[in-house]
Each structure stands twice: as structure tokens, then as C-alpha cells.
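# Reading the structure
The lines below spell out each chain.
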Amino acid sequence: MFSLSRKDLAALAVFAVVVLTMPLWLSPLGAAYPGLMQKFAIYAIFAIGFNILFGLTGYLSFGHAAFIGVGSYTTVWSFKLLTMDIVPAMIFAVITTGVFALVIGYFSLRRTGIYFSILTLAFAQMCYSLAYSVLTPITNGETGLLLARDDPRYLDAMFGAQANIAGLPQPTFLGSSVTGYTGFYLCAAILIVAFYVSQKIFASPFGMALRGIKSNQTRMNYTGFNTKPYMLAAFVISGMFAGLAGALLSITDPLAGAERMKWTESGNVVLMTILGGVGTLFGPVIGAWLIKYFENIFSAINTNMLNNFFSFLPDGLQNVVVTVLSKFVGEGWHLTLGLMFVLIVVFLPGGLVEGFHRLMARLKRRRGTPGGVTSVQPAE
């Protein structure tokens with residue numbers, strides 16, 4: 001049940017090493033901050049879950065941000081009412097989001113194609129409006145749901161946990177704080193587990209059935225195969241992954257706001273999956289890391305930094321180069337990301353993972369022919 005093939009086990013080992021050594025290889029890139037690395041891990045979990053739906057079934061959802069929001073609100077309410085320990089908060093967040101995804105999926109999956117996408121977008125926008133203005137007693141509206149010193153926290157009060165701590169209480173894992181690098185390694189461990197679960201789903205008969213639905217759902221229906229339970233299960237699992245990501249966002253930053261449910265967040269996870277490679281294991285993770293790097297590091301580059309970097313150029317040429325490049329960094333980082341997205345969709349429809357596979361195939365061909373010259377066999 002828990003075993004993996006040798007190939008998948010090697011992939012999991014490589015992935016675990018890459019994730020756990022992020023502080024080392026992100027340092028030269030200027031991104032080895034605990035808070036940023038936490039975001040890398042959390043949004044990678046979000047993208048992995050989205051890929052289970054979009055990558056395996058081909059059903060494109062524009063409403064997955066709603067699940068992140070539900071997971072965040074559930075987590076903060078668990079902190080306020082029960083305990084600051086993260087284990088119950090994550091369990092409640094995943095279960096609540098799963099029930100929520102079951103309801104939305106039941107109605108949305110009555111349609112396919114663009115109509116399914118529009119339905120998920122409509123549900124997400126309704127959830128955003130409810131959180132922003134209607135359900136303010138539960139969500140605290142525009143301000144967001146925050147922790148308070150006088151929150152009841154019944155379980156903590158029962159066992160005397162955090163009774164003598166000054167200021168606002170902080171989330172803990174079995175009594176240990178989850179801030180800084182501890183929080184990152186917690187998110188990293190959960191990301192590795194999420195990747196493992198994704199591997200198992202991809203290699204399972206359930207995953208094969210989802211691929212069959214993506215290939216030709218009509219033909220599967222004609223053969224007597226009931227695809228609806230499989231589609232609904234994929235939708236719920238994907239939503240639960242998003243709920244887990246939302247829970248981790250509120251664990252690393254204990255608040256929940258309606259802005260996490262905006263349609264732009266749903267669009268971001270679509271971009272992450274397409275940039276990395278739809279239907280691949282590593283692709284969504286790479287896409288998530290790339291977009292979060294652009295959003296947090298590339299957007300911080302300003303004109304002064306560009307002038308210092310190109311100071312070796314003559315003054316006139318330096319001004320031209322800095323003027324042109326300044327449009328693509330800082331506040332213009334979306335332009336760079338947009339151009340990259342266009343180039344990948346046009347030339348690498350399979351994402352960055354496809355580009356890597358093409359490169360490896362070309363290198364193998366060159367190694368197979370001495371000097372890179374293809375031998376020609378004489379005609380008989």
C-alpha cells in the first residue's frame with residue numbers, strides 16, 4: 001500500500017533532498033528567508049493538489065482559492081476556540097475543506113469544459129463576497145480574522161497551556177514554536193508527504209481512471225464506466241490539498257482574510273501548473289517556486305540596484321539598459337512573467353518539465369554519436 005516503484009522512490013528521494021536543502025541553494029539567489037521558503041513550500045502543496053484535478057482529468061477550476069480561504073478561516077477559528085497546537089487545526093481545516101469541496105464539486109461537475117470552469121469561478125466569487133461583507137461575524141470582513149489575547153481556547157485553558165505567555169499566543173507543534181526555520185521545515189516535511197501522496201495517486205488504478213477520463217470521458221461512459229464518482233473524488237482531494245495549504249498559511253502567519261479567496265489566487269495556481277508542466281509530478285512545484293520567486297524577489301529589484309549592477313557600462317549605454325530593464329522588474333515583474341508564460345505556452349506546451357526532457361533527449365542523442373555527427377549507413 002505504501003510502497004513505490006524504484007523510479008518513483010528515486011524521484012521522491014531527489015525531491016526530498018532538494019526541498020530540505022532549500023536554505024543552501026536559495027541563498028545565492030537571495031531567497032533564503034524562512035518566511036519566503038515557507039511560501040515556496042505552501043504554494044507547492046497548493047499546486048500539487050490542483051494538478052491532481054487539472055493534470056489528471058483535464059478539468060480546469062478557477063475557484064480553488066475558495067478552498068485556501070476556508071482552510072485559513074478554519075485554522076484561525078481552531079486557534080481561537082480550541083488550542084494553539086497546529087495538529088487539530090490542520091485536521092479540522094482539511095476535513096472542513098473536503099466537505100466544502102464536496103458540495104461545490106457536486107454542482108460544478110454537472111457540467112464540463114468551460115461551463116465547469118465558470119461554475120467554479122462563480123462559487124469562488126460568491127465565497128469571496130460572503131467572507132468580505134456578508135459573514136463578517138465569522139470572517140471579520142475586510143480586517144480579517146485575527147487572534148486575540150482573550151480568546152477562550154478551551155483545550156489550552158483545560159490543560160493550562162500558554163497561560164503565562166505575554167502578548168499574543170503563537171502556534172505550536174507539540175509544545176514547540178513553529179516560527180522561523182522550524183516553520184519552514186514543518187512545511188517542507190508536509191510538502192514531501194504531499195508529493196508522496198501525489199505519486200501514489202498518479203500510479204494507482206484511480207489515477208489511471210482519471211487519465212482515461214481526460215483522454216475520452218464520453219467513451220468511458222459508453223463502456224459503462226461511471227466517471228462521476230471518480231471526478232468528484234478528484235475534486236475533493238484537490239480541494240483538501242488547497243485547504244491544507246490554507247491551514248499552513250494561517251499557521252505561519254496567524255490570520256485569515258478574504259484576499260486569499262480572490263480570483264487572482266485561483267489564476268495564480270493555474271499559471272503555476274502550466275508553467276511547470278500540467279500532469280507532471282515536478283512541474284507544479286517548479287511553477288509555484290518560480291512565480292513566488294518573481295513575486296517576492298524579482299519585484300524588489302529597483303533602478304538603483306540595476307545601476308549598481310550595470311555600473312561597468314559606459315554612462316550612455318548604462319542609462320539605456322537600465323531604462324529598458326526597469327520596465328520588466330519591480331512593479332513591472334508581471335510583464336516579465338507574462339512574456340515567459342507566452343513563450344512557454346507557444347514553444348513548450350508541456351511546460352518547463354517538457355523543456356528539460358527535450359534537453360536531456362538531445363544530450364543523449366549527441367552522446368550516442370561520436371563527435372555529435374550522425375553516422376549514415378550505406379544503402380544495400
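Residues numbered from 1 in each chain as written. Predicted model: local features only at pLDDT ≥ 70, side-chain atom pairs only at ≥ 80, totals over all residues. Heavy atoms only, no water.

Which entries qualify depends on this criterion: UniProt positions are given in the numbering used here, feature names are shortened, and annotations may be inferred rather than shown by experiment.
Going by an unreviewed UniProt entry, the protein carries the name ABC transporter permease and comes from Aquamicrobium defluvii. Per UniProt, the protein has the following entry under Subcellular location (unreviewed entry): "Cell membrane".

## Considering the packing of helix α12 (residues 263-276) against helix α16 (residues 333-347)
Put simply, the rule reads: Lines fitted to the C-alpha atoms define the axes, with helices restricted to the stretch that makes contact. Angles between their N-to-C directions range from 0 to 180 degrees. By definition, any uninterrupted DSSP run of H or I lasting at least four residues is a helix, any uninterrupted run of E lasting at least two residues is a strand, and each is numbered from the N terminus. Roughly parallel covers angles under 35 degrees, roughly antiparallel covers those over 145, roughly perpendicular covers 65 to 115, and oblique covers all other angles. Crossing handedness: left-handed means the near helix sits turned counterclockwise from the far one by under a right angle, and right-handed means the same turn made clockwise. We call two residues contacting when some pair of their heavy atoms lies within 4.5 Å. Under this grouping Gly is polar, as are all residues other than the nonpolar Ala, Val, Leu, Ile, Met, Phe, Trp, Tyr, Cys and Pro and the charged Asp, Glu, Lys and Arg.
Across the interface, α12 lies against α16 with an axial gap of 10 Å and an inter-helix angle of 45°. The angle between α12 and α16 places the two elements in the oblique class. Between α12 and α16 lies a crossing whose hand is left-handed. From α12, L271, I274 and L275 reach across to α16, where they touch L337, F341, I344 and V345. Here the contact of α12 with α16 is composed, by residue class, of 7 nonpolar, no polar and no charged.

## Section: the side chain of T83
Inclusion rule: Burial status follows relative accessibility: with a 1.4 Å probe on protein chains alone, a residue under 20% of its type maximum counts as buried, one over 50% as exposed, and anything between as partly exposed. In the analysis that follows, any N or O atom pair within 3.5 Å is treated as a polar contact, provided that within protein one partner can donate a hydrogen and the other can accept it, and provided that, for residues neighboring in sequence, both atoms belong to side chains.
Locating T83 in the fold gives a position in the loop between α4 (65-81) and α5 (86-108). T83 sits in the buried class, given a relative accessible area of 7%. A polar atom in the side chain of T83 sits 2.7 Å from the side chain of D156. Those residues in contact with T83 that sit more than four places away from it in its chain are S78, P88, R153, L155 and D156.

## Some points on helix α10 (residues 205-222)
Definition in use: Multiplying 1.5 Å by the residue count of a helix minus one yields the expected span of that helix.
Taking 1.5 Å per residue as the helical rise, α10 with its 18 residues ought to reach 26 Å, whereas the 19 Å between its terminal C-alpha atoms falls clearly short. Burial in α10 covers these residues: F206, G207, A209, L210, I213, Q217 and M220. Against α3 (34-57), α9 (180-203) and α11 (228-252) lie the buried residues of α10. Just beyond α10, the residue with positive phi is G224, at close to 95°.

## Re the pattern of salt bridges
Spelled out, the test is: By convention in these notes, a salt bridge is any Lys or Arg side-chain nitrogen within 4 Å of a carboxyl oxygen on Asp or Glu.
Here the structure, examined in full by the defined rule, presents 4 salt bridges. Across the salt bridge formed by D151 and R153, the nearest N and O atoms sit 3.6 Å from each other. Neither D151 nor R153 differs from the other in exposure class; each is buried. A single salt-bridge network, built from bridges that share partners, covers K80, D151 and R153.

## Considerations on helix α17 (residues 351-368)
Between the first and last C-alpha of α17 there are 26 Å, a value that for 18 residues agrees with the 26 Å anticipated at 1.5 Å per step. Here α17 has its buried residues at G351, V353 and G355. In this structure, the buried residues of α17 make contact with α12, α13 (283-296) and α16.

## Observations regarding the domain arrangement of the protein
In plain terms, the rule: Note that the domain bounds were set by an automatic or database domain assignment. By buried area we mean the combined loss of accessible area, with a 1.4 Å probe, across both parts when two parts are placed together.
When cut into domains, the protein gives domain 1 (6-282) and domain 2 (297-367). Computed over C-alpha atoms, the centres of domain 1 and domain 2 are 30 Å apart. Contacts between domain 1 and domain 2 engage 13 residues on the former and 9 residues on the latter. Of the roughly 770 Å² buried where domain 1 meets domain 2, counting both sides, 79% is carbon and sulfur surface. Across the domain 1-domain 2 interface, the total number found is 0 salt bridges. Inspection of the region where domain 1 meets domain 2 yields 3 residue pairs in polar contact (both at pLDDT 80 or more).

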